[in-house]
Amino acid sequence: IRTRIAIVGAGPAGLLLGRILDTHGIDYVIVERKSLEYTLGRIRAGILEQGSVELLERLGLGERLRREGLEHRGIYLQFAGERHHIDFEKLIGRTVTVYGQQEVVKDLSRAHQAAGTAIYYEAEDVALDGIESERPRVTFRCRGEDVLIEADYVVGTDGFHGVCRPSIPDLEVYDREYPFAWLGVLASVRPSTDELIYALHADGFAMHSMRSMEVSRLYLQVPPDENIDDWPDDRIWEALHRRLGVPGWTLDEGEITDKSITPMRSFVASTMQHGRLFLAGDAAHIVPPTGAKGLNSAIADVAMLGEAIAAGYRGNPEPMSSYSRRALSRQWKTQYFSRWMTAMLHRDDRGDSSEYDYLAQLGQLRYVVESEFAQCSLAEQYTGLPYGL
Ligand code: FAD
Ligand code: DHB
């Protein structure tokens, strides 16, 4: 198969890049290891930055998003039994939208189906070859047949455990682990809050998010090696009541329909391009979830990369050659924000300075809710930094 762009990975990054290339009339093929059903069923992120929403709308993917997405003008920060509202709209005139990653993937998949995109699902033994040559290749097996794709460029949107990043020789990586994980549940109950609550409690972090007016999404900080079997529903609700409770407010319970533990890490690859291979999204970088930047970073990358590829085919190679520098420049700011939010809102109870650290975090949170400057900074980063030119 001969195509211009071979995209490896049909997560949000790969599917969205395809739609951007469509608007420029650039042909491409997508290769995905899992089945369509599997990619549609993964429950992950839930918050879209304003820039992510605007991009999806520009690409004609905004119809259901506008109808079912919940626009939020701020968040609540909670600590020491007090709940404070941070009003992004009032502070900087920007908002975020609650719309699940699986809904974004569903909308993208439908658009691809309607457009007749060539997507090879359930591809086995996906491998890259010749990324330093003029004619890079992607090979795989699909339904018992060997397939070879010859492209002008290969884009790795194959997530953290994909094959593209490891094919860059001498790649440096920068990473950091955290002494906690998130236990996340989906519950069939109307959210007990109008906007997200991020809470620091002496027992650890808790968050009340949502997916719709009928479905709540709740998270608890747990130790990184925690076993989900040790968390029956009763124990989860009890911890959520304790950590999220404030006087005069009640958390409504509902049936828990999904339960999982997500480890937390920060990770950045030293480059997002090598020869004719480009990386985007989780293939190149990971953030801890506090601040909701994983999906939004993937969207920002492909927004920049799609335009860069289009410029390249119009005879201007500069945006492509500067892609890695621009994407990493934005990503390192996002890394900092995610680490900052994580450190501010989680309880690290190892070591001698644990009590000191907790009290200093309370001081930090109090500063944020009392300083309009600090709130503007949080609002600017939470609603999304501009894409790099
Ligand atoms: P992915 O969504 O990982 O997509 C990569 C695709 O490539 C997958 O479909 C995969 O099957 C495919 N693939 C992998 N290897 C190969 C291969 N060898 N060949 C072909 N295809 C391959 N972010 C938040 O902001 N908030 C959250 O609450 C949040 N929760 C998360 C929970 C979990 C359990 C996980 C794993 C991530 C979470 N994230 C969250 C992060 C967010 O979901 C990711 O940042 C986002 O999915 C990145 O999109 P992507 O397209 O780059 O990668
Ligand atoms: C959600 C996840 C996040 O990481 C976050 O900061 C806010 C919301 C969510 O899944 O709803």
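Here the structure is a predicted model, which is why all the values come from computation and not from measurement. (Residues numbered from 1 in each chain as written. Chains lettered and ligands numbered in written order. Predicted model: local features only at pLDDT ≥ 70, side-chain atom pairs only at ≥ 80, totals over all residues.)

### Quick word on the pairing of strand 13 (residues 173–188)
Applicable threshold: DSSP-based pairing: two strands are paired if at least 2 bridges between them are found. Put simply, DSSP H or I for four residues or longer makes a helix, DSSP E for two residues or longer makes a strand, and each gets a number counted from the N terminus.
Summarising the sheet, strand 13 and strand 17 (residues 255–269) pair through 13 bridges and their orientation is antiparallel. Each residue of the ladder has a partner; that of D175, found in strand 17, is F267. Examined bridge by bridge, strand 13 and strand 16 (residues 216–222) share seven bridges and lie antiparallel to one another. Bridged to L186 within strand 16 is R217.

### Points about the domain arrangement of the protein chain
Operational definition: Each domain's extent was defined by an automatic or database domain assignment. Following the grouping adopted for this structure description, the nonpolar residues are Ala, Val, Leu, Ile, Met, Phe, Trp, Tyr, Cys and Pro, the charged ones are Asp, Glu, Lys and Arg, and the polar ones are all others, Gly among them.
According to the domain assignment, the protein chain contains domain 1 (5–46 + 100–172 + 270–341) and domain 2 (178–264 + 347–383). Distance from the C-alpha centre of domain 1 to the C-alpha centre of domain 2: 31 Å. Tallied by class, the residues present in the side of domain 1 that touches domain 2 amount to four nonpolar, three polar and no charged.

### Things to note about helix 1 (residues 12–23)
Here is the rule: Here the expected span of a helix is defined as 1.5 Å times the quantity of residues minus one. Each residue is classified by how many other C-beta atoms fall within 10 Å of its C-beta atom, where C-beta atoms are placed from the backbone; a count of 20 or more means buried, 12 or fewer means exposed, and values in between mean partly exposed. A residue pair is marked as a contact if its C-beta atoms, positioned from the backbone, fall within 7 Å.
Here helix 1 contains 12 residues, and its C-alpha end-to-end distance of 17 Å stays within 8% of the 16 Å for a straight helix at 1.5 Å per residue. For helix 1, the buried fraction is high: 10 of the 12 residues fall into the buried class. Residues of helix 1 that are buried include every one of P12, A13, G14, L15, L16, L17, G18, R19, I20 and L21, and no others. Packed against the buried residues of helix 1 are strand 1 (5–8), strand 2 (28–31), helix 6 (101–115), strand 12 (153–156) and helix 8 (294–313). Just past helix 1, the residue G25 takes up positive phi, approximately 70 degrees.

### As for the site of ligand 1
The following threshold applies: As used in this record, a residue near a molecule or strand is one whose C-beta atom, placed from the backbone, is within 6 Å of it.
Near ligand 1 lie 33 residues; those nearest to it are G9, G11, G159, G281 and G294. At the level of elements, helix 1 and helix 8 are the ones that each hand at least two residues to the shell around ligand 1. Residue classes in the shell around ligand 1 are distributed as 13 nonpolar, 13 polar and seven charged.

### Considering the sheet that holds strand 3 (residues 47–48)
The strand order across the open sheet formed by three strands is 3-7-4, and the pairing between neighbours is antiparallel. For this open sheet the edge positions go to strand 3 and strand 4 (70–72), each flanked by a neighbour on one side alone. As judged from the three bridges shared by strand 4 and strand 7 (residues 96–98), these two strands associate in the antiparallel manner. Counterpart to H72 in the pairing with strand 7 is V96.

### Some words on the packing of helix 8 against helix 10 (residues 323–345)
Put simply, the rule is: Lines fitted to C-alpha atoms define the axes here, with helix axes fitted over just the stretch in contact, and angles between the N-to-C directions of these axes take values from 0 to 180 degrees. Working definition: roughly parallel below 35 degrees, roughly antiparallel above 145 degrees, roughly perpendicular at 65 to 115 degrees, and oblique for all remaining angles. A crossing counts as left-handed when the near helix is turned anticlockwise from the far one by less than a right angle, and as right-handed when that turn is clockwise.
Relative to each other, helix 8 and helix 10 sit at 160 degrees, their axes nearing to 10 Å. Put simply, helix 8 runs roughly antiparallel to helix 10. The two elements helix 8 and helix 10 meet at a crossing, and its hand is right-handed. Contacts from S297, A300, D301, M304, L305 and A308 of helix 8 reach helix 10 at Y323, R326, A327, R330, Q331 and T334. Among the residues forming the contact of helix 8 with helix 10, the class breakdown is six nonpolar, three polar and three charged.

### Considering helix 12 (residues 372–383)
Count 3.6 residues to each turn of an α-helix, and residues three or four apart come out pointing the same way. What counts here: Relevant arc is that of directions from the helix axis to the C-beta atoms, nothing else.
Taking 1.5 Å as the rise per residue, helix 12 with 12 residues should run 16 Å; its terminal C-alpha atoms sit 16 Å apart, in good agreement. For helix 12, every residue scored as buried is listed here: Q375, L378, A379, Y382 and T383. All buried residues of helix 12 lie within an arc of 110 degrees about the axis, which places them on one face of the element. Taken together, the buried residues of helix 12 touch helix 3 (50–58), strand 6 (82–87), helix 5 (88–92), strand 7 and helix 11 (354–370).

### A look at the site of ligand 2
As a matter of local geometry, ligand 2 sits amid A45, G46, I47, L196, S209, R217, P289, T290, G291 and A292. A breakdown of the residues in the shell around ligand 2 according to their chemical character gives five nonpolar, four polar and one charged. Residue contributions to the shell around ligand 2 reach at least three from each of two domains, namely domain 1 (5–46 + 100–172 + 270–341) and domain 2 (178–264 + 347–383).

### Quick word on the environment of F267
Looking at the secondary structure, you find F267 in strand 17. The contacts of F267, once residues within four sequence positions are left out, are V173, D175, H285 and I286.

### A short note on the pairing of strand 14 (residues 197–201)
Of all five residues in strand 14, five are buried; the element is thus mostly enclosed. Neither face of strand 14 is left uncovered, since the one carrying I197, A199 and H201 and the one carrying Y198 and L200 both have all their residues buried. One ladder, built from four bridges, connects strand 5 (residues 74–79) with strand 14; its direction is parallel. Residue L77 lies in a different strand from strand 14, and its bridge partner there is Y198. Looking at chain direction, strand 14 and strand 15 (residues 204–210) are connected through five bridges and run antiparallel. Bridged to A199 within strand 15 is A206. Once strand 14 ends, the chain turns through two residues before running back antiparallel as strand 15.

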